[in-house]
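One letter stands for each residue in the lines below.
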Amino acid sequence: MGSLFHHRSVDRGLRILGTGASFALFGVGALALGLVAFPLLALTSRSRELRERRMQRLIHWTFRGFAGFMEAVGVIRVELLHPERLERGTPGLLIANHPTLIDYVLLVSRLPQADVVVKRSHWSNPFVAGVVRGAGYLPNDTGEGTVEACVERLRAGRTVLLFPEGTRSPRGGLGAFQRGAAHVALAAGVDALPVTIRNWPPGLMRGQAWYDVPERRMQITLEVGEALPSDSAGAPRGRASRALTATYREHFQKDLGLAHG
Amino acid sequence: MVDHASMTPDEIFAMLKRIMVREFDLEEAQILLSSGFEELDLDSIDAVDLAVSVEEEIDFQFETDDLAELRTMQDVVDLIAGVRDRTSD
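Residues numbered from 1 in each chain as written. Chains lettered and ligands numbered in written order. Predicted model: local features only at pLDDT ≥ 70, side-chain atom pairs only at ≥ 80, totals over all residues. Heavy atoms only, no water.

**Student:** Explanation requested: the overall build of chain B in the structure shown.
**Tutor:** When helices and strands are tallied, chain B shows 4 helices and 0 strands. Helices (α) and strands (β) of chain B occur, in sequence order from the N terminus, as α-α-α-α. In terms of its C-alpha atoms, chain B occupies a principal-axis envelope of roughly 30 × 25 × 20 Å. A separation of at least 24 residues holds for 58% of the contacts in chain B among residues at least 6 apart in sequence. A total of about 4,900 Å² of accessible surface is found on chain B, and carbon and sulfur atoms cover 48% of it. Averaging the coordinates of the 6 positive side-chain charges in chain B and doing the same for the 25 negative ones gives two points 2 Å apart. (Helix = DSSP H or I, 4+ residues; strand = E, 2+ residues; numbered from the N terminus. Contact = heavy atoms within 4.5 Å. Areas by Shrake-Rupley, 256 points an atom, 1.4 Å probe, with all protein chains shown as cover. Lys, Arg positive; Asp, Glu negative; His and termini not counted. Charge placed at Lys NZ, Arg CZ, Asp CG, Glu CD.)

**Student:** Help me out: how do you make sense of the sheet that holds strand β5 (residues 160–162) of chain A in this one?
**Tutor:** Strand pairing in a sheet relies on backbone hydrogen bonds, with the paired strands running either antiparallel or parallel. Residues and elements named next belong to chain A. Reading across the sheet, the 7 strands line up as β1-β7-β6-β2-β5-β3-β4 and stay open at both edges, with mixed pairing between neighbours. Every other strand in the sheet has two partners, leaving β1 (76–81) and β4 (138–139) as the edge strands with one partner each. Helix α7 (residues 180–188) rests against β2 (93–96) and β5 of the sheet, and its axis sits at about 160° to β2. (Pairing = 2+ DSSP bridges. Axes fitted to C-alpha atoms, helices over the stretch in contact; angles between N-to-C directions.)

**Student:** Quick question: what am I supposed to make of unusual backbone geometry here?
**Tutor:** Only a minority of non-glycine residues have a phi that is not negative, and only a minority of peptide bonds are not trans. All names here are of chain A. With an omega of -5°, the peptide bond between W200 and P201 qualifies as cis. In the Ramachandran plot, H82 falls in the positive-phi region, its phi being about 60° despite a non-glycine side chain. Structurally, H82 can be placed in the loop between β1 and α3 (84–87). The phi torsion at A233 lies on the positive side, around 50°, for a residue other than glycine. Looking at where A233 falls in the secondary structure, it is placed in the loop between β7 (218–224) and α8 (237–255). By relative accessible area, which is 67% here, A233 ends up exposed. (Buried < 20%, exposed > 50% of the residue type's maximum accessible area, 1.4 Å probe, protein only.)

As structure tokens, then:
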């Protein structure tokens, strides 16, 4: 028993080190992308769109490597269910719940191109500001402006990724959904492809310190669901977006096995 | 089109409630003069839709900066009734 406890303690200790190394690697990587890659791509790309696509592809490959590193050092194990739903041409509008700090990283590691709607605060974060600018990500706080930008990108055949909760989920639950994703789907006339993210044991969650790693390696599953259609049925925009947002949230509640509420 | 200057504050508020029930699926009883936009779960896009609907019903025009300054239903009534100072351009 003593030996088992010792083994588990050593294992957890190594995963704390691995998690710390992952955070450090992320910080360095983000700075390199923002301070080196972005200026180089800006100089060598003949248009803003080309620069953004190249930067997004670079972020994708970087995150693939980063996710691989986290798996290699034993911090996480990741499984993608129904990858074929992502691979059918351009996925279009993707919506996901947001239980952990690395959801965005894991999703983008599977998407060679993604326009991501992110919190405005990232533009003033010294580590990621260069990345969000270089990739042409969209701030989530300009209301109609954000919706119009997303619609424009979807119509150009690009993939747009949104987290309707707008921030990380409450522990073990699902936050309130903002209506931006529904507005985008209705305005663009597109379905939304939901990706349900589950993690067990809990880790990297809201309000949780980075070193508060679980007793064993965290299993993270990304499940790509069937497309959720948007249809206003002629209702006013306010009603239609509320009904569609409720549909989105119910999908995730059901997928996560959560009681209504 | 109704002249907003001829409307009483009660009439303005009744119009706003009617629009909000129709557009946002709210219950009329939820909407009080003291109700804040956040409390009613109205976002910036809803504010634009409310303004557009009001302009379609009465001869009142919202100015660009008006919406950003409005926080409660009382603010909207006061603005339309002409008792609230507008943000200068």
